[in-house]
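Architecture and fold: a report
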Amino acid sequence: MLHAQDQTSITSAEITFRFVSKNVDGSLSGFESKSELNLTSITNSKFKGSVNVETIKTGNFLRDWHLKGSKYFNSDDYPKISFESTKIVDTTNGFSVTGTLTLKGTSKSITINFLRKQSKLVGTTTLFSSDYGISIQKERADNKVVVTLIFTTNNE
């Protein structure tokens, strides 16, 4: 049972990614959270949120436009990337959140490892864009994407 004083919410998020084989960095914004966090008992929390595909930024307007198109992220048919946790476990350095990532109409389980840094939760995960129908390169290993999430909470 969550008590009001134990509840914390995510007040902002910075979500960045790196397409490793292309050496391309980018970010996503428009984050919306329906998370219920209990930082004193993190395993009793729920992470749920989404970002808008239209907000993808890589520092190259033409590349961003192509990424939003039907060949890659298809933002017209799949405007949001969403995540919902299914399991949270404590780890030696922080905690691990396993859940369902839905991207371009494909839902797959992923795990995000988080560290606590003051009022921030810093998470990292690795995925392969080709698993979600976004093939930047032919080989699966060349579609590796490292994602970093920095959540600011209202917990001081």
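First, a word on scope: everything that follows refers to the structure included in this document. (Residues numbered from 1 in each chain as written. Predicted model: local features only at pLDDT ≥ 70, side-chain atom pairs only at ≥ 80, totals over all residues. Heavy atoms only, no water.)

What follows covers empty space enclosed by the protein. Applying the stated rule across the entire model yields one cavity of 30 Å³ or more. Approximately 450 Å³ is the volume attributed to the largest cavity. Around the largest cavity, the lining comprises 31 residues; the ones closest to its centre are I15, I81, L101, V147 and L149. Of all the elements in the fold, those that place two or more residues in the lining of the largest cavity are β2 (10-19), β3 (24-33), β5 (48-57), β6 (80-90), β7 (94-103), β8 (106-117), β9 (120-128) and β10 (144-153). Taken together, the residues that form the lining of the largest cavity break down as 23 nonpolar, seven polar and one charged. (1 Å grid on protein atoms, 1.4 Å probe; cavity = no way out; pocket = protein on both sides within 12 Å on 5 of 7 lines; lining within 4 Å. Points joined across faces, edges and corners; volume = space filled by probe spheres on them. Helix = DSSP H or I, 4+ residues; strand = E, 2+ residues; numbered from the N terminus. Nonpolar A, V, L, I, M, F, W, Y, C, P; charged D, E, K, R; others polar.)

Take the side chain of D64 next. Along the chain, the position of D64 falls in helix α1 (residues 61-68). Although D64 is buried, it makes no salt bridge; R63 carries the closest opposite charge, 4.9 Å away. Here T58 takes part through its side chain, which lies 2.4 Å from a polar atom of the side chain of D64. Dropping the residues within four chain positions of it, D64 is found in contact with I56, K57, T58 and G59. (Buried < 20%, exposed > 50% of the residue type's maximum accessible area, 1.4 Å probe, protein only. Lys, Arg positive; Asp, Glu negative; His and termini not counted. Salt bridge = Lys/Arg side-chain N within 4 Å of Asp/Glu carboxyl O. Polar contact = N/O pair within 3.5 Å; in protein donor to acceptor, adjacent residues only side chain to side chain. Contact = heavy atoms within 4.5 Å.)

The next subject is the side chain of S96. Mapping S96 onto the fold places it in strand β7. Take S96: its relative accessible area is 9%, and that puts it in the buried class. In this structure S96 touches K87, I88, V89, T91, T111, I112 and N113, once residues within four positions along its chain are discounted.

Counted as a void, the largest pocket has a volume near 160 Å³. In terms of lining residues, the largest pocket is bounded by F19, K22, V24, R63, H66, L67, Y72 and I136. The dominant element in the lining of the largest pocket, judged by the number of residues it contributes, is α1, at three residues. Taken together, the residues of the lining of the largest pocket sort by class into five nonpolar, one polar and two charged.

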